[in-house]
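Structural overview for review
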Amino acid sequence: MTSAEDLNSIRNRDILRMMIKVALPIALQSLIGSSLSLIDNLMVGRLGELELNAVGVSVQIFTIYWMMMFGFCSGAATYISQFYGVRDIRNIKRTAGFTITVAMSAGLLFFIASMAFPQYILRIFTRFPEVIETGAVYVRIGAPTFLMLAVTQPFTVALRATQQTKLPLFASAIALGTNTLLNYVLIFGKFGMPMLGIRGAALATCIARLLEMLLILYIVFVRKNMLAGRPSEFFSYGRELVVRIVKNALPTTANETMWSIGMSLYIAAFARIGITEGAAVQACNTINNLFILAAFSIGDAVLILVGQKLGEGKAELAYQMSKKMTVMGIIVGLVMGAGLIICGEPILQLFSFTEAGKACAEKILIVYGATLVLSLYNGIQVTGNLRCGGDTKYAMIVETGTVWIIGVPLAFITSLYLHWPVYFAVLAVKIEEAVKACFLTRRFFSRKWLNNVIRDID
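In this numbering scheme, every chain counts its residues from 1 along its sequence in written order. pLDDT decides what is reported in this predicted model: residues at 70 or higher carry local features, side-chain atom pairs at 80 or more are listed and counted, and totals for whole chains, interfaces and linings draw on all residues regardless. The basis for every side-chain value is the complete set of heavy atoms in the structure, and neither hydrogens nor water enter the calculation.

**A look at the overall build of the protein chain**
Going by this rule: The numbering of helices and of strands both runs from the N terminus, where a helix is a DSSP run of H or I of at least 4 residues and a strand a run of E of at least 2. The globule rule used here is 2.2 Å times the number of residues to the 0.38 power, and the radius of gyration it is set against is calculated over C-alpha atoms. Note on contacts: a residue pair qualifies if any of its non-hydrogen atoms lie within 4.5 Å across the two residues. Residues counted as positive are Lys and Arg, residues counted as negative are Asp and Glu, and His and the chain ends are not counted. For charged residues, the charge sits on one atom: NZ in Lys, CZ in Arg, CG in Asp, CD in Glu.
Of the regular secondary structure elements, the protein chain holds 18 helices and zero strands. The C-alpha atoms of the protein chain give a radius of gyration of 21 Å, which matches the 23 Å a tight globule of 458 residues would have. Excluding contacts between residues fewer than 6 apart, the proportion of contacts in the protein chain whose partners are at least 24 apart in sequence is 85%. Averaging the positions of the 39 positive and the 26 negative side-chain charges in the protein chain gives two centres separated by 5 Å.

Structure representation (structure tokens):
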């Protein structure tokens, strides 16, 4: 039982201090990645709307893999955060090792498919032959990043779940900064290098991801981090631990995979309206990510901090902490949404848009800004509260259900049959976020998500 002293001790100031310690490095890492993604798109956008559209649809393949791995790693992070609450380092390493095994298996499949038949995959996302032809080049060159992320992402999640959030921030800052420099050199042929266009963009990303992986491995093994160990310590996971992780992580993996495919189908629906509209959506998504991915670090903080309290057996304290952190998240969402609307238009000026593309993008940004708080609230509930307590099956049903039953049909109906302007189609799709919020709020207050998932694990 949680003592009255524990409950009375959770002051807003203390919660805010803990959130800043955990969430700020994650937010900065997301902001760096989003900023450099914006720079990448600005550089590619200088080549033309065709190239921007081609890279936009090509990136969907990498996004689906990244979200699939994020889902599995997020499910594993539930265990790592709760193991960290009782300082069980041995099982933290085993959990990380099993996560790497799964990530590498999936990475090999994506690598082979992207090298062998990228054109067939890209046909899912666009109907324009010139976009498919251009995008296939980007996909093939970028395919090795699937294998690199299979190592980087599990260790990054493990470092975050053990409250070492500054270390992956350091690796990302250096690697992604290198990516920007290489993009400039290779896309435009600076400093005596050949002008490679989107080939250069893909090659720069590969080199940056390789550097990021090497930095993470250096931090863990050369610097003798608490996660360092012999291969046998990582890959000696027993059947009981594997079954529990898989039971928790399969719904999160299915959740993020189906969600990311749904998001990609939104892009596919909007891109079929026209090349200009597809380029506008791609630019707006990049700008939106500057704000929303940084804000989503609150969900990671909830999973880490509340999950540790659940691992310690303090369910009521965990519930009260999560309530306060959710309210703080809503405030952040309102501020970020306003910031997106105010700052988004000046950022759009940096893109080489036609007048029609610029007008279209400005309206899309208003929709994103007005609905950002709703997206963030749902993200905190799904990736933070429900996952930290192992309530992953319910989160999967609600999130994938609303996306596929409401969002995807609305995207195609409004874009291809009703022929609405793309910004109205984007607004219609946001209905699924409102429906999702209703289900998640009810689940949160039911307290059914407050579970200790590591009980009785050897």
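After that view, the rundown keeps rolling.
**Points about the packing of helix α11 (residues 239–271) against helix α15 (residues 355–388)**
Let me state the cut-off plainly: Only C-alpha atoms enter the line fits that serve as axes; for helices the fit covers just the stretch in contact. Angles between N-to-C directions range over 0 to 180 degrees. Relative orientations are named as follows: roughly parallel for angles under 35 degrees, roughly antiparallel for angles over 145 degrees, roughly perpendicular for angles from 65 to 115 degrees, and oblique for any other angle. Residues were grouped as follows: Ala, Val, Leu, Ile, Met, Phe, Trp, Tyr, Cys and Pro as nonpolar; Asp, Glu, Lys and Arg as charged; and all remaining residues, including Gly, as polar.
At a minimum axis distance of 12 Å, the contact between α11 and α15 shows a crossing angle of 170°. When the axes of α11 and α15 are compared, the pair comes out roughly antiparallel. Mapping the contact onto sequence places Thr252, Asn255 and Glu256 in α11 and Val382, Thr383 and Arg387 in α15. A breakdown of the residues in the contact of α11 with α15 according to their chemical character gives one nonpolar, three polar and two charged.

**So, the packing of helix α3 (residues 49–85) against helix α13 (residues 297–311)**
Rule in force here: Here a crossing is called left-handed whenever its near helix is offset anticlockwise from the far helix by less than a right angle, and right-handed whenever the offset is clockwise.
The geometry of α3 relative to α13 is characterised by a closest axis approach of 7 Å and an angle of 40° between their N-to-C directions. Put simply, α3 runs oblique to α13. The handedness of the crossing between α3 and α13 is right-handed. Packed against α3, whose contacting residues are Phe70, Ser74, Ala77, Thr78, Ser81, Gln82, Tyr84 and Gly85, the element α13 presents Asp300, Leu303, Ile304, Gly307, Gln308, Leu310 and Gly311 at the interface. A per-class count over the contact of α3 with α13 returns six nonpolar, eight polar and one charged.

**What to know about the side chain of Asn452**
Selection rule: Whenever two N or O atoms come within 3.5 Å, that pair is a polar contact, provided that in protein one can donate a hydrogen and the other can accept it, and provided that, for residues adjacent in sequence, both atoms are side-chain atoms.
For Asn452, the location among the structural elements is in the segment after α18 (431–446). For Asn452, the side chain forms a polar contact with the main-chain oxygen of Leu310, separated by 3.1 Å. There is a polar contact of 3.4 Å between the side chain of Asn452 and the backbone oxygen of Gly311. Setting aside residues no more than four positions away along its own chain, Asn452 makes contact with Gln82, Leu310, Gly311 and Gly313.

**Overview of helix α16 (residues 392–417)**
For the record, the criterion: A helix is expected to span 1.5 Å for every residue after the first. The angle between axes fitted to the seven residues ending at a residue and the seven residues starting there is what we call the bend at that residue.
When the terminal C-alpha atoms of α16 are compared, their 35 Å separation across 26 residues agrees well with the 38 Å that a helix rising 1.5 Å per residue should span. If you look at α16, its biggest bend is around 30°, right at Trp404. Where α16 terminates, the next one or two residues include His419, which has phi positive at roughly 55°.

**So, the pattern of salt bridges**
Opposite charge on two side chains permits pairing when their charged atoms draw close. Test applied: Salt bridges are counted wherever a side-chain nitrogen of Lys or Arg sits within 4 Å of a carboxyl oxygen of Asp or Glu. Only protein chains enter the accessibility calculation, which uses a 1.4 Å probe; a residue is then buried when its area is under 20% of its type maximum, exposed when over 50%, and partly exposed in between.
What the rule picks out here adds up to twelve salt bridges. Between Glu233 and Arg230 there is a salt bridge whose closest N-O contact spans 3.8 Å. Taking the relative accessible area as the measure of exposure, Arg230 reaches 55% and is therefore exposed. Note that Glu240 is salt-bridged to Arg244, the shortest N-O span being 3.4 Å. Of this pair, Glu240 and Arg244 are both found in helix α11, four residues apart, which corresponds to roughly one turn of the helix. Assessed through its relative accessible area of 39%, Glu240 is described here as partly exposed. Judged by its relative accessible area of 23%, Arg244 falls in the partly exposed class. Overlapping salt bridges bring together Glu399, Glu432, Glu433 and Lys436 as one network.

**Digging into unusual backbone geometry**
The phi angle at Phe191 is positive, at roughly 55°, despite the residue not being glycine. Residue position: Phe191 is located in the loop between α8 (166–188) and α9 (198–222). By relative accessible area, Phe191 is classed as exposed at 68%. For His419, which is not glycine, the phi torsion reads 55° and is therefore positive. As for its placement among the helices and strands, His419 is situated in the loop between α16 and α17 (422–429). With relative accessibility at 59%, the residue His419 sits in the exposed group.

**Quick notes on α8**
Counted at 1.5 Å a residue, the expected span for α8 with its 23 residues is 33 Å, and the 33 Å between its end C-alpha atoms agrees. Immediately beyond the C-terminal end of α8, within one or two residues, lies Gly189, with a positive phi of roughly 70°.

**Some points on the side chain of Glu212**
When you line up the elements, Glu212 lands in helix α9. Relative accessible area serves as the criterion here: at 5%, Glu212 is assigned to the buried category. Of the polar contacts made by the side chain of Glu212, one reaches the side chain of Ser172; its length is 3.0 Å. Those residues in contact with Glu212 that sit more than four places away from it in its chain are Thr152, Ala171, Ser172 and Ala175.

**Side note on the environment of Ile132**
By the secondary structure assignment, Ile132 is in helix α6 (residues 129–142). Classification of Ile132 as buried rests on a relative accessible area of 11%. Each C-alpha atom of the pair Ile132 and Asn53 lies 9.8 Å from the other, and the pair is 79 residues apart in sequence. If sequence neighbours within four positions are ignored, Ile132 has contacts with Gln119, Leu122, Arg123 and Thr126.

**Quick word on the packing of aromatic side chains**
Put simply, the rule is: Centres within 6.5 Å make a pair out of two Phe, Tyr or Trp rings, where for Trp the six-membered ring is used; the pair is then stacked when the planes are under 30 degrees apart, edge-to-face when over 60, and tilted otherwise.
Taken as a whole and assessed by the stated rule, the structure comprises 19 aromatic pairs. Judged by centre distance (6.3 Å) and plane angle (90°), the rings of Phe62 and Tyr138 are edge-to-face. A residue pair is termed long-range when its members are at least 10 positions apart, and Phe62 in helix α3 and Tyr138 in helix α6 qualify at 76 residues. As far as burial versus exposure is concerned, Phe62 and Tyr138 are alike and both buried. Residues Tyr319 and Phe444 carry aromatic rings whose centres are separated by 5.4 Å and whose planes lie at 25° to one another, so their mutual orientation is stacked. With Tyr319 in helix α14 (residues 315–348) and Phe444 in helix α18, this pair connects stretches of sequence that are 125 residues apart.

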